[in-house]
Amino acid sequence: MHILVRRYEPSDQEAIEIIYPDAIKEHINPAFLHAMTQPLHITISLFICIGAYLLGGSVILALISGGAWVGLVYCCCYEYYASYVQKRLRTELKDIPGHYLSNPDNCFWVAEAEMDGRRQILGMVAVKAKDDGDGKKHGELLRMSVLSTCRRAGLGQQLAKTAEDFCKERSFTKIILSTSSTQRAAVALYNKMGFKLVLVHTQSERPKWLVWMSKVKILYMEKIM
Ligand SMILES: CC(C)(COP(=O)(O)OP(=O)(O)OC[C@H]1O[C@@H](n2cnc3c(N)ncnc32)[C@H](O)[C@@H]1OP(=O)(O)O)[C@@H](O)C(=O)NCCC(=O)NCCS
């Protein structure tokens, strides 16, 4: 299959609005499993079940109370990723030319291939330039996503290489990115591409309680050019 990585065109919009949310929301279940296996969340679950049993004297009440807690943790994990996706879809992904193509130091690419006789979008990636503060610039890699049925065929690597070459051409000092602790495939891809983990933190645009409940960590990685 011949894959072409090219700049965004308006006709790609519909595919992007499907591939990107699907690729990010697939981290909800792994995040939930991770959160529920943390010692603190296990302790809280047991505490709620035992507490409800002792207070109400009913196994059913204990199970319902424990289930409500588990449901709340799931909702938090869902919200963690879904709210992020919604914000991107309402802002930058709604106007890709305005956000990524109006400045020559930014770019948005899609990977396209001919499948079943028609061109199909299989993935995307973007770069946004940021000032280093000393007249130089670095690039931030964003929106890396590959259609779930086309994974492990080198497409992610091809997209990352495209973004990296773009940064090199512009003499950017480095390329940075943020991903989350549950995005294991992404972390493996970036490690393979030579990115180094620089910082693990929990600061994000989400409310602090949501971050605490979902137990997701942000990984900041960079590759010096
Ligand atoms: C991350 C993602 C873009 C990778 O795309 P891909 O096309 O499958 O990646 P590639 O086939 O180019 O893989 C390159 C290397 O990355 C690593 N890798 C990719 N997926 C992996 C997985 N599921 N498990 C372990 N390693 C993986 C491997 O080292 C792989 O090389 P190999 O196949 O020779 O072993 C894709 O999994 C995806 O869209 N995930 C959901 C969205 C996401 O998390 N995006 C990142 C936002 S920061």
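Before any of the text, the structure's been laid out above.
This section reports on the structure supplied with the text. (Residues numbered from 1 in each chain as written. Predicted model: local features only at pLDDT ≥ 70, side-chain atom pairs only at ≥ 80, totals over all residues. Heavy atoms only, no water.)

## Re the overall build of the chain
- Summing up its helical and strand segments, the chain has 8 helices and 7 strands in all.
- Dimensions of the chain, computed from the C-alpha atoms along their principal axes, are close to 70 × 50 × 30 Å.
- Burial status across the chain gives 44% buried among its 225 residues.
- When contacts within the chain are restricted to residue pairs at least 6 apart in sequence, those whose partners lie at least 24 apart make up 67%. (Helix = DSSP H or I, 4+ residues; strand = E, 2+ residues; numbered from the N terminus. Buried < 20%, exposed > 50% of the residue type's maximum accessible area, 1.4 Å probe, protein only. Contact = heavy atoms within 4.5 Å.)

## Considerations on the environment of Pro104
- If you trace the backbone, Pro104 turns up in the loop between helix H5 (96–101) and strand S2 (107–115).
- With a relative accessible area of 59%, Pro104 lands in the exposed category.
- Counting along the chain gives 24 residues from Pro104 to Lys128, while the straight-line C-alpha distance between them is 9.7 Å.
- Excluding residues within four positions of it along the chain, Pro104 makes contact with Phe166 and Arg170.

## Quick look at the pairing of strand S4 (residues 137–146)
- Of all 10 residues that make up S4, 9 are buried, and the element is covered over most of its length.
- Here strand S3 (residues 118–131) runs beside S4; their pairing, made up of 8 bridges, is antiparallel. When the bridges of S4 are listed, Ala129 appears paired with Gly139.
- Count of turn residues in the S3/S4 antiparallel hairpin: 5 residues, of which Gly133 carries a positive phi of about 105°.
- Sheet analysis places S4 next to strand S5 (residues 174–180), joined by 2 bridges and oriented parallel. The partner of Glu140 across the bridge, within S5, is Ile176.
- At this point the chain moves from S4, through helix H6 (residues 155–169), to the parallel S5, and the crossover so formed is right-handed. (Pairing = 2+ DSSP bridges. Right-handed = clockwise from strand over helix to strand, strands pointing away.)

## Re the sheet that holds S2
- Sheet architecture is open: 7 strands sit in the order S1-S2-S3-S4-S5-S7-S6, paired in mixed fashion. The strands lining the two open edges of the sheet, one partner per strand, are strand S1 (3–7) and strand S6 (196–201). Neighbour-to-neighbour, the strand axes of the sheet open up by a mean angle of 25°, direction not taken into account.
- In terms of strand pairing, S6 meets strand S7 (residues 218–224) through 5 bridges, oriented antiparallel. (Axes fitted to C-alpha atoms, helices over the stretch in contact; angles between N-to-C directions.)

## Quick notes on a nonpolar patch on the surface
- There is a patch of nonpolar side chains on the surface, built from Ile42, Leu46, Ile50, Tyr53, Leu54, Val59 and Leu63 and spanning about 730 Å² of accessible area.
- For the nonpolar patch, the secondary structure elements donating two or more residues are helix H3 (39–56) and helix H4 (59–90).
- When residues in the nonpolar patch are grouped by element, the largest group, 5 residues, is from H3.
- Tracing the backbone through its elements, the reader meets Leu54 in helix H3.
- On the accessibility criterion, Leu54 (66% relative accessible area) is exposed. (Patch = residues over 30% accessible without salt bridge, like charges linked within 9 Å, V, L, I, M, F, W, Y side chains within 5 Å. Areas by Shrake-Rupley, 256 points an atom, 1.4 Å probe, with all protein chains shown as cover. Salt bridge = Lys/Arg side-chain N within 4 Å of Asp/Glu carboxyl O.)

## Description of the packing of H3 against H4
- Viewed as axis vectors pointing N to C, H3 and H4 meet at an angle of 150°, and their least axial separation amounts to 7 Å. Considering their axes alone, H3 and H4 lie roughly antiparallel with respect to each other. Note that H3 runs across H4; the crossing there is right-handed. Across the interface between the two elements, His41, Ile44, Ser45, Ile48, Cys49, Ala52, Tyr53 and Gly56 from H3 touch Val59, Leu61, Ala62, Ser65, Gly66, Trp69 and Val73 from H4. (Parallel < 35°, antiparallel > 145°, perpendicular 65-115°, else oblique. Left-handed = near helix turned anticlockwise from the far one by under 90°.)

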